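Structure at a glance
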Amino acid sequence: MRDLLSRDLSRLPDLLEQARASALEFLTALPERPAGVRPEPSSPLGLPDAGLGAEDALALFRRRYEAGLSGSAGPRYLGFVTGGTTPAALVGDWLVSAYDQNLSNSGDSLATSVEHEALGLLRSLFGLSEDFEGAFVSGATAANLVSLATARQWALERLGHDVSEEGLWGLPRVAVLGGAPHASVLKALSILGMGRRAVQAVPCLPGRPVMDPKALEAQLVALGGAPVIVIASAGEVNTGDFDDLEAVGQVCRRHGAWLHVDGAFGLFAACSPAHAHLLRGLAYADSVAADGHKWLNVPYDSGFVFTRHLAQQERVFRAVAAYLGQGPDLLHRTPENSRRFRALPAWMTLMAYGRDGHRALVERGCALARGMGEGLAASPHYALLAPVTLNIVCFALRSGDASRRDRLLGALQADGRVQCTPTQYADRPGLRAAFSNWRTGEADLPVILAALGAAALRV
Ligand SMILES: *Cc1c(COP(=O)(O)O)cnc(C)c1O
């Protein structure tokens, strides 16, 4: 081992050159790589006694697996909500591994200041006031978890309990209200011991996956002043639709409820003057969750959480030990102690492209979604299931059941030009396409529509 490590160290320039060449080869072919692949799983390798050294390990990896990697970083992967990686973010991310800083504590590196600075840049990008204290996490799931853990702490403190010390044993239930919360919100409630079933459904506005503020108010009145957590969507995952944060926020304010806003991708509407109105009322939020690896176009795994209740947040997440120091370190804000320098790719892309660059990126995604929606509405094969609000197109085949939809997805994947994901919306088996990659451009739209048209004729 020692010998192999010394040999690899002496060959580091060559190894990094090989990594650079591999990355460049992959990225150059990305627009032509199949958007999604359904790989044949190979039988797993065992642990070698004698290692291979880095060069042979890289060659083995590439030989066995590279062809089976998806083009999810490319321009026509429209599944889930999938961002790419801007050149500046990629450069930053490479250096994160080279620098290998631990962001848990300040005091021995300036890296933590870069994280604070990056959080300030994001706050400015989203138009959040300085009351919102941020933290980097691994994605919006973790951001929702941090938000709801903080909300739970707040709610039980109002009833005279410190759940971070006492646990939930014997404590009263906390009411959670929401319209169409994302699956990761339910996951967070499961992790927190509150349970997925804790969510009491608020009736939605007709034909939309967003809360009826009047119905929310009636439920809050019925709860008689008990502390309540309300979960709103800024960008519902099927349709991109937004809760009316102004109306919902005023209702929450009147009844003293905690407002959590899941803005995994929708928070980026703030970048576009034409869409920023969708976030009107965001200032009422007590906590906000968002993703970096979606519309910011930094690599996985990156998300951020902003709350206006740092004291409660730190009561939940603090890790006190003599050796960890007593400073106001970021480790007291999130589940992890040791943390990757994931602020750097975000800092790099924000500095490299600025407010204008990220505005253009968001506006392009919205324009492409609108264009795709118009193309589908005019096609003999497809119909929209919801209006295009932001960057998501929710649509269905005009005829056929879920099995035809599934065959369509298979045909689309075999074709390779476009990847979409299935969904169920408005009681219909549907499809989703989300535009969040900086690489996707005008020229992709006819390719996307042609691939969808051809696939529909095949099933
Ligand atoms: C993607 C998404 C999440 C979860 O984010 P991850 O990045 O997968 O952790 C939560 N909420 C919404 C609305 C999302 O779109």
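Everything that follows concerns the structure shown earlier in this document.
First things first, this report covers the structure right here in the doc. (Residues numbered from 1 in each chain as written. Predicted model: local features only at pLDDT ≥ 70, side-chain atom pairs only at ≥ 80, totals over all residues. Heavy atoms only, no water.)

A few words now on the pattern of salt bridges. Enumeration according to the criterion identifies 20 salt bridges in this entry. Ionic pairing is found between D406 and R405, a salt bridge with its closest N-O pair at 2.8 Å. We classify R405 as buried; its relative accessible area is 9%. Via salt bridges that share partners, R11, D14 and E55 belong to a single interconnected network. (Salt bridge = Lys/Arg side-chain N within 4 Å of Asp/Glu carboxyl O. Buried < 20%, exposed > 50% of the residue type's maximum accessible area, 1.4 Å probe, protein only.)

We now examine the packing of helix α6 (residues 140-158) against helix α8 (residues 183-191). Running from N to C, α6 and α8 point in directions that differ by 50 degrees, and their axes come no closer than 9 Å. Relative to α8, the element α6 is oriented oblique. The element α6 and its partner α8 pack so that their crossing is right-handed. Residues T141, N144, L145 and L148 of α6 form the contact with α8, whose participating residues are S184, V185, K187, A188, L189 and I191. Its residues assigned to classes, the contact of α6 with α8 shows six nonpolar, three polar and one charged. (Axes fitted to C-alpha atoms, helices over the stretch in contact; angles between N-to-C directions. Helix = DSSP H or I, 4+ residues; strand = E, 2+ residues; numbered from the N terminus. Parallel < 35°, antiparallel > 145°, perpendicular 65-115°, else oblique. Left-handed = near helix turned anticlockwise from the far one by under 90°. Contact = heavy atoms within 4.5 Å. Nonpolar A, V, L, I, M, F, W, Y, C, P; charged D, E, K, R; others polar.)

The subject of this paragraph is the site of the ligand. As a matter of local geometry, the ligand sits amid 14 residues, with T141, D262, D291, H293 and K294 nearest to it. In this structure, A140 approaches the ligand through a main-chain N or O atom, which is 3.4 Å from an oxygen atom. D262 places a polar side-chain atom, nitrogen or oxygen, 2.7 Å from a nitrogen atom of the ligand. Burial of the ligand by the protein chains amounts to 83% of its free accessible area of 380 Å². Residue composition of the shell around the ligand, grouped by class: four nonpolar, seven polar and three charged. (Near = heavy atom within 4 Å. Polar contact = N/O pair within 3.5 Å; in protein donor to acceptor, adjacent residues only side chain to side chain. Areas by Shrake-Rupley, 256 points an atom, 1.4 Å probe, with all protein chains shown as cover.)

With that settled, consider the pairing of strand β11 (residues 428-434). Summarising burial for β11: six of the seven residues are buried, a large majority. As paired strands, strand β9 (residues 392-397) and β11 are joined by four bridges and run antiparallel to one another. Within the sheet, the bridge partner assigned to I392 lies in β11 and is A434. In terms of strand pairing, strand β10 (residues 421-425) meets β11 through five bridges, oriented antiparallel. By the bridge assignment for β11, T423 is matched with G430. Here β10 folds back onto β11 in antiparallel fashion, the turn holding two residues, of which A426 has a positive phi close to 50 degrees. (Pairing = 2+ DSSP bridges.)

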